[in-house]
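# Tertiary structure, described
Here is how the chains run, residue by residue.
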Amino acid sequence: TQRALSSTLTLAKQLGALVFTYKGSDVAGAVLQFAKEYRVGHVILGTPHPLPLSRRILGEKTIVQRVIQASCGATVVIVDTRGGRAGPDVEKVALRPSGPLLSRALSESRVLVWDNPARHDKVLKGLVAAACSGSALEAQTVLAAVLAREAQGSTFLLNEGTAFPHARLPRLGSSLAALGITRGGVLGSVASIKLVFLILSPEEVPEEQLHLLAAASRIALDRGLVRELQRARSPREAFEIVRGWEERE
């Protein structure tokens with residue numbers, strides 16, 4: 001199971017997907033809760049293993065049946081994964097907004113650099129303070145929202161070397177982003193984290209958060225760009241690297 005899951009996650013990342021872990025005591029419930037939180041329009045599931053007759057007689061349902069039954073406002077697609085025959089080619093379509101959305105949310109003053117290993121909590125507090133600086137946001141309230149999302153599944157466990165802590169906030173006028181360059185890594189993190197993108201977006205515009213996360217994810221997948229950011233001599237230079245990359249995109 002671990003090997004199959006690992007290969008699936010590797011394929012997803014190769015195709016440009018942004019992979020999150022999400023905690024829950026029940027698979028179907030966790031899938032639906034994630035879909036609700038991120039306002040997912042389509043849920044794609046593989047063919048479930050058939051339940052034994054005895055369990056069906058007792059009224060037990062498969063994960064797929066439970067997701068379909070409880071889904072509200074989302075289209076559930078079931079892909080036939082039972083055979084070894086390859087399915088049709090899937091065209092990868094990226095829906096991206098026009099213009100440099102990430103660098104508009106970021107600024108030179110919201111880029112922080114840690115040359116030595118930094119504690120997980122220090123990195124988050126520093127980035128939240130930088131993002132809230134100059135706005136009406138209260139840092140403690142924002143930090144609580146970010147930590148609540150991290151509790152669902154830490155974004156510091158991703159193996160690309162980049163973490164994506166994020167939160168959606170009510171009545172936030174425009175998205176805010178902060179970038180942490182952690183040259184010495186993040187203490188308490190399983191993965192070797194080189195970059196930390198903090199993204200705060202309006203609760204009322206969920207697609208903006210997805211676009212920002214997608215942009216940050218594309219940076220994380222570009223190893224040359226990550227090395228360039230790691231070598232940046234100042235926050236200003238790092239910001240200009242992000243802006244230049246996004247304008248080229």
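Predicted model only: the values in this text are computed from it and were never measured.

## Notes on the overall build of the chain
A tally of regular secondary structure across the chain gives ten helices and nine strands. The C-alpha atoms of the chain give a radius of gyration of 20 Å, which matches the 18 Å a tight globule of 249 residues would have. Principal-axis analysis of the C-alpha atoms places the extent of the chain at approximately 65 × 35 × 35 Å. In the chain, which comprises 249 residues, the share counted as buried stands at 38%. Of the contacts formed within the chain by residues at least 6 apart in sequence, a portion of 70% connects residues at least 24 apart. Side-chain charges of the chain comprise 31 positive and 23 negative groups, with the mean position of each set lying 5 Å from the other.

## Describing the packing of helix H2 (residues 27–37) against helix H4 (residues 63–70)
The N-to-C vectors of H2 and H4 enclose an angle of 40°; their axes lie 9 Å apart at closest approach. Regarding the angle of H2 to H4, the classification is oblique. The interaxial crossing formed by H2 with H4 has right-handed handedness. Each of Val 27, Ala 28 and Leu 32 in H2 lies in contact with H4, whose residues at this interface are Ile 63, Arg 66, Val 67 and Ala 70.

## Topic: a nonpolar patch on the surface
Side chains of Ile 44, Val 77 and Val 79 sit close together on the surface and give an oily, nonpolar patch of about 230 Å² of accessible area. Checked against the element boundaries, Val 79 lands in strand S2 (residues 75–79). Residue class for Val 79 comes out partly exposed when judged on its relative accessible area of 36%.

## Section: H2
An α-helical turn contains 3.6 residues, so a residue and the one three or four places further along point in the same direction. Along H2, the residues classified as buried are Ala 28, Ala 30, Leu 32 and Ala 35. Along its buried surface, H2 packs onto strand S1 (42–46) and H4. The N-capping residue of H2, defined by a side-chain oxygen 3.5 Å from the backbone nitrogen of Ala 28, is Asp 26. Positive phi shows up at Arg 39, right after H2, with a value of about 50°.

## A few points about helix H9 (residues 223–230)
Taken residue by residue, H9 has Leu 225, Val 226, Leu 229 and Gln 230 as its buried positions. Take H9 and look down its axis: the buried residues cluster within an arc of 140°, on one side only. Of the surrounding secondary structure, the elements contacted by the buried residues of H9 are strand S7 (176–182), strand S9 (195–202), helix H8 (206–221) and helix H10 (235–248). Where H9 begins, one side-chain oxygen reaches toward the backbone nitrogen of Gly 224, 3.2 Å away; that side chain belongs to Asp 222.

## A word on the environment of Ala 220
If you trace the backbone, Ala 220 turns up in helix H8. What makes Ala 220 buried here is its relative accessible area of 8%. Residues Ala 220 and Ala 12 lie 208 residues apart in sequence; the distance between their C-alpha atoms is 14 Å.

Rules used in this analysis
Residues numbered from 1 in each chain as written. Predicted model: local features only at pLDDT ≥ 70, side-chain atom pairs only at ≥ 80, totals over all residues. Heavy atoms only, no water. Helix = DSSP H or I, 4+ residues; strand = E, 2+ residues; numbered from the N terminus. Rg over C-alpha atoms; globule rule 2.2 N^0.38 Å. Buried < 20%, exposed > 50% of the residue type's maximum accessible area, 1.4 Å probe, protein only. Contact = heavy atoms within 4.5 Å. Lys, Arg positive; Asp, Glu negative; His and termini not counted. Charge placed at Lys NZ, Arg CZ, Asp CG, Glu CD. Axes fitted to C-alpha atoms, helices over the stretch in contact; angles between N-to-C directions. Parallel < 35°, antiparallel > 145°, perpendicular 65-115°, else oblique. Left-handed = near helix turned anticlockwise from the far one by under 90°. Patch = residues over 30% accessible without salt bridge, like charges linked within 9 Å, V, L, I, M, F, W, Y side chains within 5 Å. Areas by Shrake-Rupley, 256 points an atom, 1.4 Å probe, with all protein chains shown as cover. Salt bridge = Lys/Arg side-chain N within 4 Å of Asp/Glu carboxyl O. Polar contact = N/O pair within 3.5 Å; in protein donor to acceptor, adjacent residues only side chain to side chain. Arc of directions from axis to C-beta.

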